[in-house]
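# Fold and geometry: a report
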Amino acid sequence: MPVTDSLQLAGRRVVYSYSGPTPPPDLLATIRAGRAAGVIFFKENAPSVPQLRAAVAQLQQAAAEAPSGAPLLLMTDQEGGRIRRLPGAPELSAKQIGLAPDPAGEAARSGAGAAGTLSGAGLNLNLAPVLDVFDTPDNFIDHFERSFSSKPEVVAELGSAFLVAQQKLGVAATAKHFPGLGAAPRGQNTDEGAVVLPVPLAELRARGEEPYRAAIAAGVRLVMASWAVYPALDAYHPAGLSRAIVHGELRERLGFRGVTVTDALEATALAAFGEAGDRAVAAAEAGMDLVLCSARDVGQGDAAVAALATALDSGRLDTAGFTEAVHRVDALRSSLPAP
């Protein structure tokens, strides 16, 4: 079995989830032991805002009893439009913002609105904004109105306005899905199966990655990697499992120094990459700091933690790199306003 210190280090890189409105005792125990970085919430966890606030209070109290006492990262997807886990702002979708008479102003108001909704429920991190630049009307990302525009410079401006306004109010923002899902055809969803986007490298960098330059310059705290495969950069691995993409493109080429976070670890796009533990280790090898275990199953998070700790103890994962990732996550947790 991994040693206790390794389990704590590993847990500080894992985001848990659970089913229903009440945090289960085993998750609270894991948090008290210092083996969790945060929790992601879905509609089923929030039948009402007061009930969610009560759950958040339980979770943060458990975190206060952990060895570090650092607050948890408490997050959801509050993009706007159809993709909102909590009632309230932002009510406009990204597409509606892009088509508004004052798009930049509307993006800023939406970012501020998202911050107000989340902080009002006790949450401190939003898995938004989406920076995908759609290339074909009604394709996967445009159909659900999750893209601000088909023009990268517009997505860059509006995404940055959203995240800056949100972060000014103390809620960390996440730019997603690097290096871009804007070329995914309708029906090509990484939650449901493998997706390959054969976009030429020059186009991928000029369109897909361009909004991230602006977001990084604007101080975005997190970047989420896509689970699609981009043969121009790595023909064999989804972006979030690719060191060439996470380290080479995002860290070295674009200079991102914040926290990297995976998309949902249970996505069917990862079917060829083993179980939860295997996927968590592969993500860490690629350079992902946070592993998002969002299957509403505490056991999924536990499996990820155990596998990461074993890989650390065995030397498969470099100790220095592992510790740097933990420190980035810890710094984010400590920097957010106290609950």
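Conventions adopted
Residues numbered from 1 in each chain as written. Predicted model: local features only at pLDDT ≥ 70, side-chain atom pairs only at ≥ 80, totals over all residues. Heavy atoms only, no water. Phe/Tyr/Trp six-rings, centres within 6.5 Å; stacked < 30°, edge-to-face > 60°. Lys NZ or Arg CZ within 6 Å of the ring centre and 35° of its normal. Pairing = 2+ DSSP bridges. Helix = DSSP H or I, 4+ residues; strand = E, 2+ residues; numbered from the N terminus. Axes fitted to C-alpha atoms, helices over the stretch in contact; angles between N-to-C directions. Parallel < 35°, antiparallel > 145°, perpendicular 65-115°, else oblique. Left-handed = near helix turned anticlockwise from the far one by under 90°. Contact = heavy atoms within 4.5 Å. Nonpolar A, V, L, I, M, F, W, Y, C, P; charged D, E, K, R; others polar. 1 Å grid on protein atoms, 1.4 Å probe; cavity = no way out; pocket = protein on both sides within 12 Å on 5 of 7 lines; lining within 4 Å. Points joined across faces, edges and corners; volume = space filled by probe spheres on them.

Moving on: the packing of aromatic side chains. Summed over all chains, the structure comprises three aromatic pairs. Seen from the ring of Phe322, Arg13 lies directly overhead, with NZ or CZ sitting 4.5 Å from the centre. Just above the ring of Phe42 sits the side chain of Arg296; from NZ or CZ to the centre is 3.6 Å.

Right, let's talk about the sheet that holds strand β8 (residues 222-225) for a bit. Reading around the barrel, the eight strands line up as β1-β2-β3-β6-β7-β8-β11-β12 and close back on themselves, with parallel pairing between neighbours. Of the pairings in the sheet, the one linking strand β7 (residues 172-178) to β8 comprises three bridges and is parallel in character. By the bridge assignment, Phe178 is partnered in β8 with Ala225.

Close contact between helix α11 (residues 276-286) and helix α12 (residues 298-314) brings their axes to 8 Å; oriented N to C, the two are set at 55 degrees. On the basis of their axis angle, the class for α11 and α12 is oblique. As α11 packs across α12, the resulting crossing turns out to be right-handed. Contacts between α11 and α12 involve Ala276, Gly277, Ala280, Val281 and Ala284 from the former and Gln300, Ala303, Ala304, Ala307, Leu308 and Ala311 from the latter. Class assignment for the residues of the contact of α11 with α12 results in nine nonpolar, two polar and no charged.

Below, the discussion takes up empty space enclosed by the protein. In total, this model carries two cavities of 30 Å³ or more according to the counting rule given. For the largest cavity, the calculated volume is near 110 Å³. Lining the largest cavity are 13 residues, and of these Val133, Gly182, Ala183, Arg207 and Gly208 lie nearest its centre. For the lining of the largest cavity, the per-class residue count stands at six nonpolar, three polar and four charged. Here the second largest cavity is characterised by a volume of approximately 80 Å³. Those elements that place two or more of their residues in the lining of the second largest cavity are β4 (78-80) and α4 (94-98).

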